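# Residue-level structure breakdown
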Amino acid sequence: MRTPESIDALETQPWVLPSRRKVGLLCLLATESALFTIFVVAYLFYLGKSLNGPYPKDILSIPWLASVALISSSVSADLAERAFRCGNRGRFQAMLAVTILLGLGFLGATALEWKRLILVEHFTINGNLAGTTFYALVGLHASHVIVGLLLLTVVLLLSLKGAVASRQHERIQMLTWYWHFVDAIWIVVFLVVYVFGR
Amino acid sequence: MATTPSRTPAPAASEPFSLPTWLHGWVTTADHKRLGVMYILAGLGFFVVSGTMAALIRIQLVVPNNQFLPPEMFNRLFTMHGTAMVFLVGMPIIAGLMNYLVPLMIGARDMAFPRLNAFGFWIFLFGGCLLYFSYLAAPGLSGAGSAPDVGWFAYSPLTGKAFSRGHSTDYWILSILISGIGSLCSAVNVIVTVVCMRCRGMTLMRMPLFVWIVLVVAYLIVIVLPPLTAAQIMLLLDRFLGAKFFDTQAGGSAVLWQHFFWIFGHPEVYILILPGFAVASEIIPVFSRKPIFGYAVMVGATVMIGFISLGVWAHHMFTIGMSAMSNAFFATSTMLVGIPTGIKLFNWLGTMWGGKIRFRTPMLFCVAFLFQFLCAGLTGIMLAVAPFDWQLSDSYFVVAHFHYVLIGGLLFTIFGAIYYWFPKVTGRLMSERLGRWHFWLFALGFNLTFAPLHIAGILGMPRRIYTYDAGRGWEIWNLVATIGVAFQALGILFFVANLLWSSRRGARAGDDPWDAWTLEWSTTSPPPPYNFETLPTVRSRRPLWDLKHPSDPDWRVE
């Protein structure tokens, strides 16, 4: 049996619950993971089931450069977030710009890859199952990169205008979480499409 | 519900009522209570429309060889009825209950993201209207197809370009995809609100069971809605860009659609029925004058259902010819769900046992729920047995089974919830006399309609057939089923009359008409826009009991 004293201690004890932003973003990432899972499952399910070519093993080459760019953009995003936390605005903006450039580099490499696949190899979304699943999965990921780049660019522009205050640290942190998530998804897509699926 | 105080400065009683101001207040609101009410009203509106569709279906089937409707229209009716009842009636009414009640029950002033909440409602409403708009727009210039006619689970390859010309299937895809975004918004909102905004002292194990159960519902929505969205995106790619996901001619798999759909579709059943459990877990204790029996076990059972329900989907697919191993796995996992569900039933009975039961309308609906949901659960266990399912899959037995779940289980508790919380929303009690008429007519009509359909199904009547020949023994069951519809419709008429009459003339409810124990009854009826003047502090699972009985508070024994 509890005493009134131990109950009244409730009034003085700190009552701290998790941050809304963090839990909300984690929910978003959970639901995004579920979405990607289905596309990955579809990719794996249809591996080797195309009735006609071109087949991935003949035409896909590992996008080392793009992958290195995207993974290192995660590092620069993390550095940007640290710089922001320390109040180093110049460094924050520089690192943000590096992140955006690396992301753009990734997208550019993807665009060149798609151009070659479509125009040279005639590997299209409506050609065979391999094309269908390839463009759906890689395209879904690329669309997330685009969303991330838009958000990063908005933050950079706002920061250059001086409209990002240090109390908004958690918002910046959420953006980097999202960016790390997009990178982590790329590692999965990379393994599934270019390593395991070739 | 014009009596709800508005968030924007409401026109004072002396000011003349101005329709534009009033409308503007509702359209621009981000208040969880108003959004909750709008969700429920929108859901009830769609309910009347798709209920009317069901009535037309039943009229078509009342006698053999009936020609009441054209066959194409019949296909559109059962598709629109199923789709709308799940996505535009069940989901929004549940979202409405969650939105209205969760912040009040955990002692918060609003949801975590009010504007996201408003966005969710409006995008849902847009999706719902888009589905019905297909009647006008889907024929387009090609003149092919009207409303969707592919069934609510839209099996491939019927949805391919070759078999579904025009845009009817595109309307089905887009409207459900869009209203799904709305469901996702409210699910994320519920999770964040419950995790981050509980009032001082409201530990997880002191939350009302309603909050616990809708937390599990929200988690299920977050996890299982994306598979449907993903499958729908794939279908869109198939239909617009010529992708091959479900194109069997190019090696695509129709079975994969079924897997993806039911990975969503079966947990969706739990998303729909768990809120029914949530409502029953609040109403039964209050009207039995006892705390809920086995609170911790109820929480555990809910979480168990939340996990097991993710691994049962292929019991919808026993007839596609899976391996014996898969059949055994999904049959077993399906039966496992019966354990936590059975625990819940016994705990509700345990709550009533020895209680001082007051049979007011909300309690009547909950007691009927116990009986009818038991029937639904037992036929569910029968269908989980793979060989039994081979006989009765896609028959009226299945139709009867899931209508016992969704009407006998969910809709009855939703009615109970509306009778129970209406006084909180409007400040007025619903008429008990009209409520009893509603209950008895609807309970009678529902059982008259769906109990005979079990037998029609066992006698071999397949679902979704346009008509049937005489002499197979189905006539009497179909006739009785359609007669039941008249009673249900009459019951709904009493319900609507009760809503309209009571919102203006009902007896004043006061803050706490049921002598209940959860926080929503501690504030005024209707609650002010900020819910609580001072945020409460909670010391037990029944904070209002503690307040009313300072000499014998719950926290001494909990």
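Residues numbered from 1 in each chain as written. Chains lettered and ligands numbered in written order. Predicted model: local features only at pLDDT ≥ 70, side-chain atom pairs only at ≥ 80, totals over all residues.

## Brief notes about the overall build of chain A
Looking only at helices and strands, chain A features seven helices and zero strands. Helices (α) and strands (β) of chain A occur, in sequence order from the N terminus, as α-α-α-α-α-α-α. The C-alpha atoms of chain A give a radius of gyration of 22 Å, which is well past the 16 Å a tight globule of 198 residues would have. With the C-alpha coordinates of chain A rotated into their principal frame, the extents come out at 75 × 50 × 20 Å. (Helix = DSSP H or I, 4+ residues; strand = E, 2+ residues; numbered from the N terminus. Rg over C-alpha atoms; globule rule 2.2 N^0.38 Å.)

## Comments concerning helix H4 (residues 64-85) of chain A
Residues and elements named next belong to chain A. For H4, built from 22 residues, the straight-helix expectation of 32 Å at 1.5 Å per residue is met to within 8% by its first-to-last C-alpha distance of 32 Å. Taken together, the buried positions of H4 are occupied by Ala66, Leu70, Ser73, Ser76, Ala77, Ala80, Glu81 and Phe84. Looking straight down H4, one finds that the buried residues subtend no more than 145° of arc, so they occupy a single side. In the core, the buried residues of H4 are packed alongside helix H5 (89-120) and helix H7 (169-196). (Expected span 1.5 Å × (residues − 1). Buried ≥ 20, exposed ≤ 12 C-beta atoms within 10 Å, placed from the backbone. Arc of directions from axis to C-beta. Contact = placed C-beta atoms within 7 Å.)

## Remarks on the interface of chain B and chain A
Residue-level contacts link 35 residues of chain B with 31 residues of chain A. Of all the secondary structure elements, the ones that give two or more residues to the side of chain B that touches chain A are helix H5 (168-196), helix H6 (209-241) and helix H7 (254-288) of chain B. The biggest single contributor to the side of chain B that touches chain A is H6 of chain B, with 10 residues. Residues that form the side of chain B that touches chain A fall into these classes: 24 nonpolar, six polar and five charged. (Nonpolar A, V, L, I, M, F, W, Y, C, P; charged D, E, K, R; others polar.)

## A look at the environment of Ala69 of chain A
Residues and elements named next belong to chain A. Mapped onto the fold, Ala69 is located in helix H4. Accessibility expressed as a C-beta count within 10 Å gives 19 for Ala69, which makes it partly exposed. A C-alpha to C-alpha distance of 6.1 Å links Ala69 and Phe106, two positions 37 residues apart in sequence. Leave out the neighbours within four places in its chain, and Ala69 touches Leu102, Gly105 and Phe106.

## A closer look at the confidence of the model for chain A
A residue-level look at chain A finds 94% of positions with pLDDT of 70 or above and a mean pLDDT of 93. The lowest-confidence element of chain A is helix H1 (residues 4-12) of chain A, averaging 62 in pLDDT; the highest-confidence one is helix H2 (residues 20-45) of chain A, averaging 97. (pLDDT = per-residue confidence, 0-100.)

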